[in-house]
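What the coordinates show
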Amino acid sequence: MQATGLDHPTRDAGFGIYLHWPFCAAKCPYCDFNSHVRHGGVDEPRFLQAFRTEIDHAAGRTPGRTVTSIFLGGGTPSLMQPATVAGLLDAVAARWPVAPDAEITLEANPSSVEASRFRGYRAAGVNRVSLGVQALNDPSLRTLGRLHDVAQALDAIRVAQATFERTSFDLIYARPDQTPAMWRVELDEALKRAGEHVSLYQLTIEPGTPFYGLANAGKLVVPDDETGRALYDVTQERCARAGLPAYEISNHARPGAESRHNLLYWRYGEYAGIGPGAHGRLVTGVGRVGTVTERGPEAWLARVERDGHGIVETESLSPADQADEFLVMGLRLREGIDPERYAALKGRPLNGNRIGMLIGDGLLERRPGGRIAATGRGAPVLNAVVADLAG
C-alpha cells in the first residue's frame, strides 16, 4: 500500500480500525499494556454490543472513509469466541466500506490456539494472525510469565500457517542472561519456521510492572547497553540473511509482506481506536485529533452504555504536534520520510544544515524521491536523531 496525496497535508496512508480486546488469561510480568485478567469470565455478548455502539459513534465522525486495515489487538483477542470476532467485523463492515484487499489481523497467544477456533476466525473474515511466541526457550518462557512452552509455540505456528495465508510471530530478546551467541541460535531456529513476517522486540523494563520492581531490587538483570547493541546487530544480520530484512526498527518481512496496519501508523495515517484504552488519530472538521478511551474494561462498558462511546480525552493536535509525531513514527521505517510532508504539517521545512550534519555523521541517508531515512548506524540511536532534527 503506497501513500497517496490528498488536499489535507497529512495525506492518506490509509484508514484503519483498531479494536482493543483487553482480556488475558494471565498478566505477564514485563507487560505494561492495557490488559486485564477476569477469572470469572467475560460477558462477550454485552461487550460486543458496546463495541458496536462505539463503532457507530466513530463512523459518525469519519464519513466517506474506506477501511484499508483492521487490527484486533489486546490483551488476547484469541480468547474471544469466533462468533464475537465475526460480530466485530460485521459491525465495522456495516458502517464503512471495507476495501476488497483489506488486511484483517488478529493477535493470538500460543496457549489459546485451537485449530477449530482458528478456522472460525478465518470464516469470520480474519486473514492474518500475529502470534505472541516471545521465546523459543522454555526457561525464558517461564521467566517471561508465558503460559505456553516451546512445543505449544511451534504447534501454534504450524496451525496458523496452515489456516491463514498471512502470519507473523513475535519474539523478545535482550532477556536476562541472554548472550548474542544464544540469541543467534534461537533466532536462526525461529527464522526456519517464519513465514513472511516476524516482530523482534528488545525487552524494556517498564515502570509499574513486576519486572521493574525486580530490576530495582537487583533480582532481575538484563543485558547492558553494549550487549543490547550486539543483540540488535545479530537480529539485523540474521534476518537479512534469511530474506526478512527490517522495514521498521523491530519488524522484518519479505518484500511486499509488511504489516499494512502498522505501516498505516508509521506513515501517519488515520485510524479509529475502539475498545477499552484504545488510542485513535482522526482528521475531523476541526483538524487532526487524538482520542483516548476509558482504560478499565468495566468502566469503559458503563460509559459506552451511558454515553454512546468510551472516549475520555480528545486532543486537538497542533501543526507542531503533528509534525513531531510524523517525524518520530516515520523515521522508524526503512523507507524514511518525505521532508515535504513534514514541511506541510509544520509550516516550515526541516533544517537543511542539521540534515547534512546527520548525513555526514552516517546517521541519516537520502533515499529515492527525496526521502530521508535513518541508516543502520542511526536506527539504534533514533531518539537522538529525531531530537536533533526536530530541535
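The model shown is predicted, which means the values in this text are computed figures rather than measured ones.

A few words now on unusual backbone geometry. Cis geometry marks the peptide bond from glycine 74 to glycine 75, where omega comes out at 20°. You can see glycine 75 is positioned in the loop between strand S4 (67-74) and helix H2 (82-95). Unlike most non-glycine residues, aspartate 177 shows phi in positive territory, near 70°. Using a relative accessible area of 65% as the deciding quantity, one classes aspartate 177 as exposed. Phi angles above zero are rare outside glycine, and tyrosine 268 is one such case at about 60°.

This next bit is on the environment of asparagine 251. Structurally, asparagine 251 is set in strand S10 (residues 251-253). Taking the relative accessible area as the measure of exposure, asparagine 251 reaches 1% and is therefore buried. Between the alpha carbons of asparagine 251 and isoleucine 104 there is a distance of 18 Å; along the sequence they are 147 residues apart. The residues touching asparagine 251, leaving out its near neighbours within four places in the chain, are His197, Val198, Ser199, Tyr201, Pro245, Ala246 and Trp266. Polar contacts involving the side chain of asparagine 251 include one to the side chain of glutamate 248, which spans 2.8 Å.

This brings us to the pairing of strand S1 (residues 15-21). Along any regular strand, the residues point their side chains to alternate faces of the sheet. Counting buried positions over the seven residues of S1 gives seven, a clear majority of the element. Burial of the side chains of S1 extends over both faces: Phe15, Ile17, Leu19 and Trp21 are buried on one face and Gly16, Tyr18 and His20 on the other. Alignment of S1 against strand S11 (residues 270-274), held across five bridges, turns out to be parallel. Residue pairing in the sheet places isoleucine 17 in a bridge with alanine 272 of S11. Bridge count between S1 and S4: six bridges; the pairing is parallel. Bridged to tryptophan 21 within S4 is glycine 74.

All right, on to the packing of H2 against helix H3 (residues 115-124) then. At their nearest, the axes of H2 and H3 sit 9 Å apart, and the two run at 15° to each other. On the basis of their axis angle, the class for H2 and H3 is roughly parallel. Along this stretch, H2 crosses H3, giving a crossing that reads as right-handed. Together, Pro82, Val85, Ala86 and Leu89 of H2 and Arg117, Gly120, Tyr121 and Ala124 of H3 make up the contact between the two elements. When the residues that make up the contact of H2 with H3 are grouped by side-chain class, the tally is six nonpolar, one polar and one charged.

Conventions we followed
- Residues numbered from 1 in each chain as written.
- Predicted model: local features only at pLDDT ≥ 70, side-chain atom pairs only at ≥ 80, totals over all residues.
- Heavy atoms only, no water.
- Helix = DSSP H or I, 4+ residues; strand = E, 2+ residues; numbered from the N terminus.
- Buried < 20%, exposed > 50% of the residue type's maximum accessible area, 1.4 Å probe, protein only.
- Contact = heavy atoms within 4.5 Å.
- Polar contact = N/O pair within 3.5 Å; in protein donor to acceptor, adjacent residues only side chain to side chain.
- Pairing = 2+ DSSP bridges.
- Axes fitted to C-alpha atoms, helices over the stretch in contact; angles between N-to-C directions.
- Parallel < 35°, antiparallel > 145°, perpendicular 65-115°, else oblique.
- Left-handed = near helix turned anticlockwise from the far one by under 90°.
- Nonpolar A, V, L, I, M, F, W, Y, C, P; charged D, E, K, R; others polar.

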